[in-house]
Amino acid sequence: MYSLGTLQDPVILILILFSFVIFFCVPHAAADVPLYYLSDYCSNTLDMDISKVQAGRLLLHRPNQPLRDTNCQMIVKAPVNKKLTFKFHHFNVHSPQGCNNNHLQLFDDEQFSVPLSGQLCNSAGPSKAYITSTETASIRLTKDQFLNDQVDLVFTAFNFAPCTGGTYACRNDHCIASELYCNGLDNCGDESDICVLRAKTVIAIIIAVVVVAVVLAIILGVYLFRRQRRIRRERVSG
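Residues numbered from 1 in each chain as written. Predicted model: local features only at pLDDT ≥ 70, side-chain atom pairs only at ≥ 80, totals over all residues. Heavy atoms only, no water.

A. Examining unusual backbone geometry more closely. Following Ala 161, the chain continues into Pro 162 via a peptide bond in cis, with omega recorded as 10°. Position of Pro 162 among the secondary structure elements: in the loop between strand E9 (150–160) and strand E10 (167–169). One non-glycine residue with positive phi stands out, namely Asn 64, at about 65°. For Cys 182, which is not glycine, the phi dihedral falls at a positive 65°. Mapped onto the secondary structure, Cys 182 falls in the loop between strand E11 (174–177) and helix H3 (199–237). With relative accessibility at 7%, the residue Cys 182 sits in the buried group. (Helix = DSSP H or I, 4+ residues; strand = E, 2+ residues; numbered from the N terminus. Buried < 20%, exposed > 50% of the residue type's maximum accessible area, 1.4 Å probe, protein only.)

In structure tokens form, the structure reads like this:
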């Protein structure tokens, strides 16, 4: 049985403190958000109810399978009674001469008639979130040439507060599935579901805790050594 007064192995202190940091400070990974590819859904619909998902990431094409369609468009349908938030995690649609012939655009309907965004192109990716007014949105990619374009578009189903069980309440009054919290993506659209402690911060905390634990272990070791020496002296003198 260990106690602070009789602890013989200072490593125990380090393990206890390290476990504390890991459990309370390191963001717990949520369920993986599934990947979808625009090349798989050209002229098709991604129904989130049928797919049984609350969020997803849309890339342009599968690895080593470049998108060849010069005009590719798809529809995303949210679960019943929910709307959609779109947020670009990464964006680079090359367009050397303006956005007219090379761009990606979001629409607030399935007929591609109500623009949700402008014609987006080049690497100055939009930082804002795009929020639909209905359950359905559509996406259109127009290209006359492909130049290593890369898009990572996060889409998330949500409903407005009040939030019920099994959901996470965002600061913008969006309610998203609770498993999406702290997964490294901006599912809320206002970054309020992203963990406060980032990777660099966690590493710094762990290093600081280890340093403090080592110092405490040294102090404790010196204390125990002196205590044992004093006890031996008292026994000899007695």
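B. The arrangement of the sheet that holds strand E4 (residues 71–77) in detail. The four strands are arranged E2-E4-E8-E6 in an open sheet whose pairing can be described as mixed. Looking at the sheet topology across the chains shown, the edges are occupied by strand E2 (45–47) and strand E6 (103–107). Averaged over neighbouring strand pairs, the angle between their axes works out to 15° when direction is ignored. (Pairing = 2+ DSSP bridges. Axes fitted to C-alpha atoms, helices over the stretch in contact; angles between N-to-C directions.)

C. Highlighting the side chain of Ser 95. One can find Ser 95 in the loop between strand E5 (83–92) and E6. Residue Ser 95 is classed as buried on the basis of its relative accessible area of 3%. Those residues within four positions of Ser 95 in sequence are excluded, and the remaining contacts are Asn 102, Cys 121 and Asn 122. (Contact = heavy atoms within 4.5 Å.)

D. Broad picture of the state of the cysteines. Per the counting criterion, the structure on display carries five disulfides. Note on cysteine connectivity: Cys 99 is disulfide-linked to Cys 121, with sulfurs 1.8 Å apart. Taking the torsion about the S-S bond as the criterion, the Cys 99 to Cys 121 disulfide, at about -60°, is left-handed. With a gap of 22 residues between them, Cys 99 in the loop between E5 and E6 and Cys 121 in the loop between E6 and strand E7 (130–131) connect regions that are remote in the sequence. A relative accessible area of 12% means that Cys 121 is categorised as buried. A disulfide bridge connects Cys 170 with Cys 188, and the sulfur atoms are separated by 1.9 Å. An S-S torsion of about -75° defines the bridge between Cys 170 and Cys 188 as left-handed. (Disulfide = S-S within 2.5 Å.)

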